[in-house]
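Observations on the three-dimensional arrangement
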Amino acid sequence: RPASSNNAIANLSRTPNLVWYDSPKWGGFGFMVGYSTNPIRTSTTPEFENDLGTTARKGRGWTFNPVYDGGFWQVAWSHWNAKSDWTGCLGALTTQQCLNANDDQRADSVRGHYIFKMGLRVGLAWNHSKTTGAPFAVSAGTGIANPFAGVTTGDRKAWAIPISYNTGAHTFYIVGSVQYTMVA
């Protein structure tokens, strides 16, 4: 399997080239929407930018995060969908470098919590993240094509139950979680 199947969703950090909009709150409802031109580009991959002036695959990513806050309770959903600029490799690169393309990514998370009057907060969170091998063409001079194109290279489902208790200046936390991960 390609080394990229271990990549974190959305780089597990800041997203490069991201433009976003945070809405005002309307009766407790608000949302964030964002777009990036090449969100999973990393400095450790031999990837090439496919911007204006090329018909090659162009990277893109978008996210949407609606939230409803009802005072003592809150519920939210977060969606991430991204693909890399990667379209192949040059003849000078090795087979492993050619297969080190960033995978396409999709993730959904749903979370919610309720705060009891005595300071106890109980929540529930669910996440499903999936990576799929990026398609790229056979490169001139190498004859290498991505054998993982369209194949699920990572599939993770997780649940968490976060609990916190606020006693004025002190807050105590406990989190229980269950995770199921499938990697091709």
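Residues numbered from 1 in each chain as written. Predicted model: local features only at pLDDT ≥ 70, side-chain atom pairs only at ≥ 80, totals over all residues. Heavy atoms only, no water.

**A look at the environment of Met-118**
Checked against the element boundaries, Met-118 lands in the loop between strand 5 (104-115) and strand 6 (120-132). Once the C-alpha coordinates of Met-118 and Asn-166 are considered, the two residues, 48 residues apart in sequence, prove to be 8.2 Å apart. (Helix = DSSP H or I, 4+ residues; strand = E, 2+ residues; numbered from the N terminus.)

**As for the pattern of salt bridges**
For the structure shown, the criterion picks out 1 salt bridge. Two residues, Asp-108 and Arg-106, come together in a salt bridge whose shortest N-O distance is 3.6 Å. Assessed through its relative accessible area of 44%, Arg-106 is described here as partly exposed. (Salt bridge = Lys/Arg side-chain N within 4 Å of Asp/Glu carboxyl O. Buried < 20%, exposed > 50% of the residue type's maximum accessible area, 1.4 Å probe, protein only.)

**Points about the side chain of Gln-105**
Positionally, Gln-105 belongs in strand 5. There is a polar contact of 3.0 Å between the side chain of Gln-105 and the side chain of Trp-80. Setting aside chain neighbours within four positions, we find Gln-105 in contact with Ala-8, Ile-9, Ala-10, Ile-40, Trp-80, Asn-81, Ala-82, Lys-130 and Thr-131. (Polar contact = N/O pair within 3.5 Å; in protein donor to acceptor, adjacent residues only side chain to side chain. Contact = heavy atoms within 4.5 Å.)

**A word on the environment of Pro-24**
For Pro-24, the position within the fold is in the loop between strand 1 (18-22) and strand 2 (29-36). Excluding anything up to four places from it in sequence, Pro-24 contacts Phe-29 and Gly-30.

**Observations concerning the packing of aromatic side chains**
Under the criterion given, the structure shown has 8 aromatic pairs. Pairing Tyr-21 with Phe-31 gives two aromatic rings, centres 6.0 Å apart and planes at 55 degrees, and the pair type is tilted. Of this pair, Tyr-21 sits in strand 1 while Phe-31 sits in strand 2, and the two are 10 residues apart along the sequence. On the basis of relative accessible area, Phe-31 is assigned to the partly exposed category, the value being 22%. Measuring from centroid to centroid gives 4.9 Å for Tyr-114 and Phe-116, while their planes differ by 75 degrees, and the two rings are edge-to-face. You can call Tyr-114 partly exposed: its relative accessible area is 38%. Exposure remark for Phe-116: the relative accessible area of 36% places this residue in the partly exposed category. One aromatic cluster is present, formed by Tyr-21, Trp-26, Phe-29, Phe-31, Phe-64 and Trp-77 through successive ring pairs. (Phe/Tyr/Trp six-rings, centres within 6.5 Å; stacked < 30°, edge-to-face > 60°.)

**With respect to the confidence of the model for the protein chain**
Residues with a pLDDT of 70 or more make up 68% of the protein chain, whose mean pLDDT is 78. Mean pLDDT across the elements of the protein chain ranges from a minimum in helix 1 (residues 95-98), with 53, to a maximum in strand 2, with 95. Contacts from residues 1-5, a stretch scored under 50 in pLDDT, to residues over four places away or in other chains number 18 contacts. (pLDDT = per-residue confidence, 0-100.)

**Brief notes about the pairing of strand 5**
In this structure, strand 4 (residues 73-83) lies alongside strand 5, joined through 10 bridges in antiparallel fashion. Residue pairing across strands places Trp-77 opposite Val-110, the latter belonging to strand 5. As defined by bridge partners, strand 5 adjoins strand 6 across 12 bridges and the pair is classed as antiparallel. Note on strand 6: the bridge partner recorded for Gln-105 is Thr-131. Between strand 5 and strand 6, which pair antiparallel one after the other, the connecting turn spans 4 residues, and Gly-119 there sits at a positive phi close to 105 degrees. (Pairing = 2+ DSSP bridges.)

**Overview of the side chain of Asn-127**
Structurally, the position occupied by Asn-127 is in strand 6. Judged by its relative accessible area of 13%, Asn-127 is buried. Among the polar contacts made by the side chain of Asn-127, one reaches the main-chain carbonyl oxygen of Asp-108 at a distance of 3.5 Å. At 2.9 Å, the side chain of Asn-127 and the side chain of Ser-129 are in polar contact. Apart from the residues lying within four places of it in its own chain, the contact partners of Asn-127 are Asp-108, Ser-109, Arg-156, Lys-157 and Ala-158.

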